[in-house]
Amino acid sequence: MKIAVLGGDGFCGWPTVLHLSDQGHEIHIIDNLSRRWIDTELGVQSLTPMDSIQERCRIWKQETGKELHFHLLDLAREYERLRGWLSDHRPDAIIHFAEQRAAPYSMKSDRHKIYTVNNNVNATHNLLTAMVETGIDAHLVHLGTMGVYGYSSVGAPIPEGYLDIEIDTPDGKKAQEILYPTRPGSVYHMTKSLDQILFQFYAQNDGLRITDLHQGIVWGTHTEQTRRHEQLINRFDYDGDYGTVLNRFLIQAAIGYPLTVHGTGGQTRAFIHLQDSVRCIELALADAPRAGERVRIFNQMTETHRVRDLAELVAKMTGTEIAWLPNPRKEAAENDLVVENAQFLALGLNPTTLQEGLLDEVVEVARKYAHRIDRKRVPAVSAWTKDIAKRVETDPEGKRLKSAS
Ligand code: NAD
Ligand code: USQ
């Protein structure tokens, strides 16, 4: 297949590009490299030394003989170019990773909220309308998030996208199928909830074939293909905005930084290893809906864990202390989470769990590149409200000079 990977320079996008190229697909990466600019804005860098996208593509060609095509394009702001590109290239499938994906970044200030909404909603809508306008029949696979639901399972598993309900009418009860209700906990998660409605409309109105993958937190760094050459290494975020919880605990352990648990650590979240994430995308691509079908929605996760259990596991494994910090986010202090993921298991996913020794691999990578870590960038300081901002802990290591009086 000819596949366009939008956001193919990112943490999930790059390993997906390599995985699908390895399987013989013709891959076109479309990315505006905004994530690299955000690193510059925040004064951070990936833990791992990433080469330019052009250099990454050159090394892949050298190692495998397979060509990767890179196109610098902003999906949210260059609609005409996007439409022209789709019309010229007519891909069979499009994988859409290209959004601002950090909840803390989306809550930093009014400017960051506006950027996240403009970027994510326009990128998705521009893509959908360009697909209709060019008349291409590509299968669109979008990366959504488990967080659209707000992590509460009300005692029953979160279903894969849809809920059967009954409505009282004057003629008695009528059955209806609705999108499972959203309850996003950040501006970023809100944009993914908006995406869902855009998909529902374009599938219904124009017969677009769409799969929305509601993914949990991705952990790990290597996949089979990124291991093949040092310069194919994946991005690895550790900072307080883009680093995600388990990967952060693992790098903190590697540099002897106290594990930064927010609140009681009673938050339960869904997780998936990076290798399984790329495999799920392969499985979803092979199982495209037909025109006129409703949007196909998968819960892309393999296990759930409580944050404090993860911290205790990493602490025990590495002897690192835990720092119990005031929570910079507005979120439930404790929650249970049960998630349905039968569809991917039925398609043949064989989950990689935390037990399988891959935690050590991340600690090893972090130790190797520890000299690249700026400890000042580790604390999560983006607060969800002005009140919460007053109690954010900016110095979890307790290294700041204290008053002597
Ligand atoms: P990332 O920030 O590493 O990658 C996103 C890529 O998209 C970047 O290369 C960026 O430059 C590009 N991009 C952003 N806006 C663009 C635009 N307007 N035009 C062109 N390119 C643009 O993020 P990631 O971790 O790889 O996540 C990819 C997708 O998967 C996101 O949509 C995210 O919401 C979703 N997801 C990620 C995780 C996770 O744990 N990382 C979990 C669940 C879902
Ligand atoms: N947390 C800590 N300590 C930390 C970092 C986070 O206790 O140092 C806590 C947070 O308060 C939160 C939980 O860990 O309760 C998860 O935070 P996270 O940053 O790992 O994940 P999140 O903000 O939800 O976002 C990440 C990705 C996002 C994706 C989402 C999937 O950045 O793109 O959509 O995971 S999900 O969580 O299922 O919504």
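Anything mentioned here points back to the structure above.
Small disclaimer: the values here were computed from a predicted structure and weren't measured.

Colleague: So what exactly am I meant to see when it comes to the overall build of the chain here?
Modeller: Across its full length, the chain carries 13 helices and 14 strands. With the principal axes as the frame, the chain shows a C-alpha extent of 70 × 65 × 40 Å. In the chain, which comprises 405 residues, the share counted as buried stands at 47%. Sequence-distant contacts, at least 24 apart, represent 82% of the contacts inside the chain between residues at least 6 apart.

Colleague: Before we go on, may I ask you to explain the sheet that holds strand E2 (residues 26–31) in this structure?
Modeller: Backbone-to-backbone hydrogen bonds join strands into a sheet, with any given pair of strands oriented parallel or antiparallel. Pairing is parallel in the open sheet, where seven strands are placed in the order E3-E2-E1-E4-E5-E8-E12. Looking at which strands have only one partner, the edges of the open sheet turn out to be strand E3 (68–72) and strand E12 (296–300). Neighbouring strand axes in the sheet, compared pairwise and without regard to direction, differ in orientation by 20 degrees on average. Lying over the sheet, helix H3 (residues 53–64) contacts E2 and E3, oriented at roughly 170 degrees with respect to E3.

Colleague: What exactly am I supposed to notice about the sheet that holds strand E11 (residues 268–273) here?
Modeller: A sheet is described by the order of its strands in space; here three strands give the open sequence E9-E11-E13, paired in mixed fashion. Among the strands making up the open sheet, the edge pair consists of strand E9 (217–219) and strand E13 (303–306). Across the sheet, the mean angle from the axis of one strand to that of its neighbour is 45 degrees, orientation sign disregarded. Bridge count for E11 against E13 is four bridges, and the pairing is antiparallel. Bridge assignment links Thr268 to a residue of E13, and that residue is Arg306.

Colleague: I tried to follow the site of ligand 2 on my own but got confused; where do I start?
Modeller: In the vicinity of ligand 2 lie 23 residues, with Thr145, Met146, Gly147, Val245 and His262 positioned nearest. Sorting elements by how many residues they give to the shell around ligand 2 places strand E10 (residues 259–262) first, with three residues. Tallied by class, the residues present in the shell around ligand 2 amount to nine nonpolar, nine polar and five charged.

Colleague: It is not clear to me how the environment of Gly216 should be interpreted in this structure. Could you clarify?
Modeller: By the secondary structure assignment, Gly216 is in the loop between strand E8 (209–215) and E9. A sequence separation of 199 residues divides Gly216 from Val17, and the C-alpha atoms of the two residues are 20 Å apart. Excluding anything up to four places from it in sequence, Gly216 contacts Met146, Arg269, Ala270, Phe271, Ile272, Gln300 and Met301.

Colleague: Honestly, the site of ligand 1 in this entry has me stumped. Any pointers?
Modeller: Neighbouring residues of ligand 1: 28 residues in total, closest Gly7, Gly10, Cys12, Arg101 and Leu143. Secondary structure elements with two or more residues in the shell around ligand 1: helix H2 (34–42), helix H6 (110–134), strand E5 (139–145) and E9.

Colleague: Help me out: how do you make sense of the nonpolar core in this one?
Modeller: Grouped burial of nonpolar side chains is what soluble globular proteins tend to show. Among the nonpolar cores identified, the biggest contains 89 residues, and Leu6, Ile95, Phe249 and Leu250 are the most heavily contacted of them. It is helix H8 (residues 245–254) that provides the largest number of residues to this core, a total of seven residues. Once residues lying within four places of it in the same chain are set aside, the contact partners of Leu250 are Val314, Leu359, Val362, Val363 and Ala366.

Colleague: Looking at this structure, how should I read the packing of H8 against helix H12 (residues 358–368)?
Modeller: Packed helices, taken two at a time, are described by their axes: the angle between them and the distance between them. Taken N-terminus to C-terminus, the directions of H8 and H12 make an angle of 55 degrees; their axes are 8 Å apart at the nearest point. In terms of orientation, H8 and H12 fall into the oblique class. In the packing of H8 onto H12, the handedness of the crossing is right-handed. Counting all contacts with H8, which are made through Asn247, Leu250, Ile251, Ala253 and Ala254, the residues of H12 involved are Leu359, Val362, Val363, Ala366 and Arg367. For the contact of H8 with H12, the class distribution of residues is eight nonpolar, one polar and one charged.

Colleague: Before we go on, may I ask you to explain unusual backbone geometry in this structure?
Modeller: What is expected of a backbone is that most residues other than glycine have negative phi and most peptide bonds are trans. Phi angles above zero are rare outside glycine, and Leu33 is one such case at about 60 degrees. The topology assignment puts Leu33 in the loop between E2 and H2.

Colleague: Would you explain the pairing of E5 in this entry?
Modeller: Taken residue by residue, a regular strand's side chains alternate between the two faces of the sheet. Along E5, seven of the seven residues are buried, which leaves the element largely enclosed by surrounding structure. Burial along E5 is two-sided: His139, Val141, Leu143 and Thr145 facing one way and Leu140, His142 and Gly144 facing the other are all buried. Relative to E8, E5 is paired through seven bridges, and the arrangement is parallel. Residue pairing in the sheet places His139 in a bridge with Arg209 of E8.

Colleague: Explain the pairing of strand E7 (residues 172–179) here, please?
Modeller: Here E7 lies mainly on the outside; zero of its eight residues are buried. Examined bridge by bridge, strand E6 (residues 162–169) and E7 share eight bridges and lie antiparallel to one another. Note on E7: the bridge partner recorded for Glu166 is Ala175. Between E6 and E7, which follow one another and run antiparallel, lie two residues.

Colleague: Is there a simple way to think about helix H9 (residues 274–285) in this case?
Modeller: Residue pairs three or four apart in sequence face the same way in an α-helix, which turns once every 3.6 residues. Taking 1.5 Å per residue, 12 residues should reach 16 Å; H9 reaches 17 Å between its end C-alpha atoms and fits that length. Extensive coverage of H9 is indicated by the burial of 10 of its 12 residues. Within H9 the residues assigned to the buried category are Leu274, Gln275, Asp276, Ser277, Val278, Arg279, Cys280, Ile281, Ala284 and Leu285.

What counts as what
- Position numbers for residues count from 1 along each chain, tracking the sequence in the order it is written.
- For naming, the first written chain is A and the first written ligand is 1, with later ones following in the order written.
- Where totals are concerned, whole chains, interfaces and linings use all residues; where local detail is concerned, this predicted model gives features only for residues with pLDDT of at least 70, and gives and counts side-chain atom pairs only at 80 or more.
- The helix and strand labels rest on DSSP assignments: H or I over at least four residues marks a helix, E over at least two residues marks a strand, and numbering proceeds from the N terminus.
- The burial label depends on the number of other C-beta atoms within 10 Å of a residue's C-beta. Counts of 20 or more mean buried, 12 or fewer mean exposed, and intermediate counts mean partly exposed, with C-beta atoms placed from the backbone.
- C-beta atoms are first placed from the backbone for all residues, and any pair lying within 7 Å is then listed as a contact.
- A strand pair is defined by DSSP finding two or more bridges across the two strands.
- For helices, the fitted line uses only the C-alpha atoms of the stretch in contact; every axis is such a line through C-alpha atoms, and the angle between N-to-C directions lies from 0 to 180 degrees.
- Residues are classed as near a molecule or strand if the C-beta position derived from their backbone is within 6 Å of it.
- In this classification, Asp, Glu, Lys and Arg are treated as charged, Ala, Val, Leu, Ile, Met, Phe, Trp, Tyr, Cys and Pro as nonpolar, and every other residue, Gly included, as polar.
- Buried Ala, Val, Leu, Ile, Met, Phe, Trp, Tyr and Cys residues form a nonpolar core when they are connected through C-beta atoms within 7 Å.
- Roughly parallel refers to an angle under 35 degrees, roughly antiparallel to one over 145, roughly perpendicular to one between 65 and 115, and oblique to any angle outside these ranges.
- Rotating anticlockwise by less than a right angle from the far helix to the near helix defines a left-handed crossing, while the corresponding clockwise rotation defines a right-handed one.
- An expected span of 1.5 Å times one less than the residue number is assigned to each helix.

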